[in-house]
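Working through the structure, step by step
Listed here are the chains, written in short residue letters.
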Amino acid sequence: MEFNVKKLASDAGVFFSRAMQFTEEKLGQAEKTELDAHFENLLARADCTKNWTEKILRQTEVLLQPNPSARVEEFLYEKLDRKVPSRVTNGELLAQYMTEAANDFGPGTPYGKTLIKVGETQRRLGAAEREFIHSASINFLTPLRNFLEGDWRTISKERRILQNRRLDLDACKARLKKAKAAEAKAALWSDEVEKAEHELRLTQTEFDRQAEVTRLLLEGISSTHVNHLRCLHEFVESQTNYYAQCYQFMLDLQKQLGGFSGTFVGNADSTSPAAAPSPPAVAAATLPAVPTIPVVPTIGGVPNTVAEGVLNPNEVKPPTSGTRKARVLYDYEAADSTELALLADEMITVYSLPGMDPDWLIGERGNQKGKVPVTYLELLS
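Here's a quick rundown of the structure. (Residues numbered from 1 in each chain as written. Predicted model: local features only at pLDDT ≥ 70, side-chain atom pairs only at ≥ 80, totals over all residues. Heavy atoms only, no water.)

Helices and strands together make up the secondary structure of the protein chain, namely eight helices and five strands. Counting from the amino terminus, helix and strand elements in the protein chain follow one another as α-α-α-α-α-α-α-α-β-β-β-β-β. Relative to its 381 residues, the protein chain shows a buried fraction of 32%. Within the protein chain, residue pairs in contact and separated by at least 24 positions form 69% of the contacts whose partners lie at least 6 positions apart. (Helix = DSSP H or I, 4+ residues; strand = E, 2+ residues; numbered from the N terminus. Buried < 20%, exposed > 50% of the residue type's maximum accessible area, 1.4 Å probe, protein only. Contact = heavy atoms within 4.5 Å.)

Our next topic: helix 2 (residues 37-64). In this model, helix 2 (28 residues) spans 40 Å end to end at C-alpha, consistent with the 40 Å of a helix rising 1.5 Å per residue. Capping the start of helix 2, Asp36 holds a side-chain oxygen 3.1 Å from the backbone nitrogen of His38, two or three residues further along. (Expected span 1.5 Å × (residues − 1). Polar contact = N/O pair within 3.5 Å; in protein donor to acceptor, adjacent residues only side chain to side chain.)

Next up on the list: the environment of Val14. Positionally, Val14 belongs in helix 1 (residues 2-26). The exposure class of Val14 is partly exposed, given its relative accessible area of 32%.

Before going further, it helps to examine the pairing of strand 5 (residues 377-380). Burial along strand 5 is one-sided: Leu377 and Leu379 are buried, and none of Glu378 and Leu380, which face the opposite way, are. Bridge count for strand 1 (residues 324-328) against strand 5 is four bridges, and the pairing is antiparallel. Residue pairing across strands places Lys325 opposite Leu380, the latter belonging to strand 5. (Pairing = 2+ DSSP bridges.)

This part covers a nonpolar patch on the surface. A cluster of nonpolar residues, Val88, Leu93 and Tyr97, forms a patch on the protein surface that exposes about 290 Å² of accessible area. Here Val88 lies in the loop between helix 3 (68-79) and helix 4 (90-105). We classify Val88 as exposed; its relative accessible area is 52%. (Patch = residues over 30% accessible without salt bridge, like charges linked within 9 Å, V, L, I, M, F, W, Y side chains within 5 Å. Areas by Shrake-Rupley, 256 points an atom, 1.4 Å probe, with all protein chains shown as cover. Salt bridge = Lys/Arg side-chain N within 4 Å of Asp/Glu carboxyl O.)

Moving on, we get to the sheet that holds strand 5. Read from one edge to the other, the open sheet built from five strands follows the order 4-3-2-1-5, with strand pairing classed as antiparallel. Both outer strands of the open sheet, strand 4 (368-373) and strand 5, are each paired with one neighbouring strand and no more. Across this sheet, the average inter-strand angle for adjacent strands is 40°, counted without regard to direction. In this sheet, strand 2 (residues 347-351) lies alongside strand 1 in antiparallel orientation, the contact comprising four bridges. Of the residues in strand 2, the one forming a bridge with Lys325 is Thr349. (Axes fitted to C-alpha atoms, helices over the stretch in contact; angles between N-to-C directions.)

Moving on, we get to the environment of Glu61. With respect to the helices, strands and loops of the structure, Glu61 is situated in helix 2. Considering only alpha carbons, one finds Glu61 and Ala136, 75 residues apart in sequence, at a separation of 9.6 Å. For Glu61, the contacting residues outside a window of four places in its chain are Arg71, Leu141 and Arg145. A distance of 2.8 Å separates a polar atom in the side chain of Glu61 from a polar atom in the side chain of Arg145.

Contact geometry of helix 2 with helix 6 (residues 190-219) gives a least axis separation of 9 Å together with a crossing angle of 50°. On the basis of the axis angle, helix 2 is oblique to helix 6. Where helix 2 crosses over helix 6, the two elements pack in a sense that is left-handed. For the pair helix 2 and helix 6, contact is made by His38, Phe39, Leu42, Leu43 and Ala46 and by Ala211, Thr214, Arg215, Leu218 and Glu219, respectively. (Parallel < 35°, antiparallel > 145°, perpendicular 65-115°, else oblique. Left-handed = near helix turned anticlockwise from the far one by under 90°.)

Formed by 34 residues in total, the largest nonpolar core has its most connected members in Phe39, Phe132, Phe140 and Leu218. Counting only elements with at least two residues in this core, the list comes to helix 2, helix 5 (110-183), helix 6 and helix 7 (221-267). With 16 residues, helix 5 is the single largest residue contributor to this core. If near-sequence neighbours (up to four positions away) are discounted, Phe140 is found in contact with Ile56, Thr60, Ser135, Cys231, Leu232 and Phe235. (Core = buried A, V, L, I, M, F, W, Y, C linked by side-chain atoms within 4.5 Å.)

What follows is the structure, encoded as structure tokens:
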């Protein structure tokens, strides 16, 4: 009991001494031991790393999970060390609604068939989103969070200890200065000077040791940057794969809808409203328009079958003007003999004919000719 009382009194004395030293430094009434420029740069770099890591972490969490209540729920589960329950993505929920609607409207109706096709693509998009979120969380968010909750806490702890050691050192310097001033007036104070010098040597040793420990931790920030750089590359790779999957899913859906949209219009029963014409593809809207020339379907070598959607490549003649060069963006496998198979990065000649679907062009490669999808091309001037 007596030991505990003495220890508490000693701790209180140390705390009071540090508080006095800190206050006098702020008021400019006491000298402060300054750290060297290299050490100060390490401290500034560490603070900068911590601050930006926090901001990047928080905003990435918002990107992956825009719903704030869902983020709070995940945070609580994580703090309770419990597995976060699986959550349906927005795409998967939309797919569920579309499928249920198709069953109510009739899966054999034009609208029902389209809802099923679009719903299936939304389900695939939702699954891709779930995979991306999982990958980004493991490969990017977790390392950032581990730094803030692990390495940074250790650095902060050692910096607080270093601050206390510095305050102790400066307090000892102040006491030694006072003892020497008193010694100059009375020889009886020589013991106090010796005691103050001994305390100063001890505190200086402790300060130097703690400064070295803290410096090594701060220099480790460079390794943290290297690790976070690797994680950033993995995050970008995951995001690239995710968006590439989404793009391919939408291209496939667009091709499917373009393949049987005309059938829907022709088979619509009398109780269903007439299907609206399919809007041009988004990608086609961003591409330069391909000039066409007025050609009468039955005159000039262009058969009526072009306007009806059936193409005989041997019967098509290119217009005298309006042809373009195009670079193929992706491999494309021809669905039938009227289409032209494509290989990524090859160059072909393209042009449009009256009555053609705006999402398609006529492509030529040597003696080969056939329809090609606009979304697979980069039109060149």
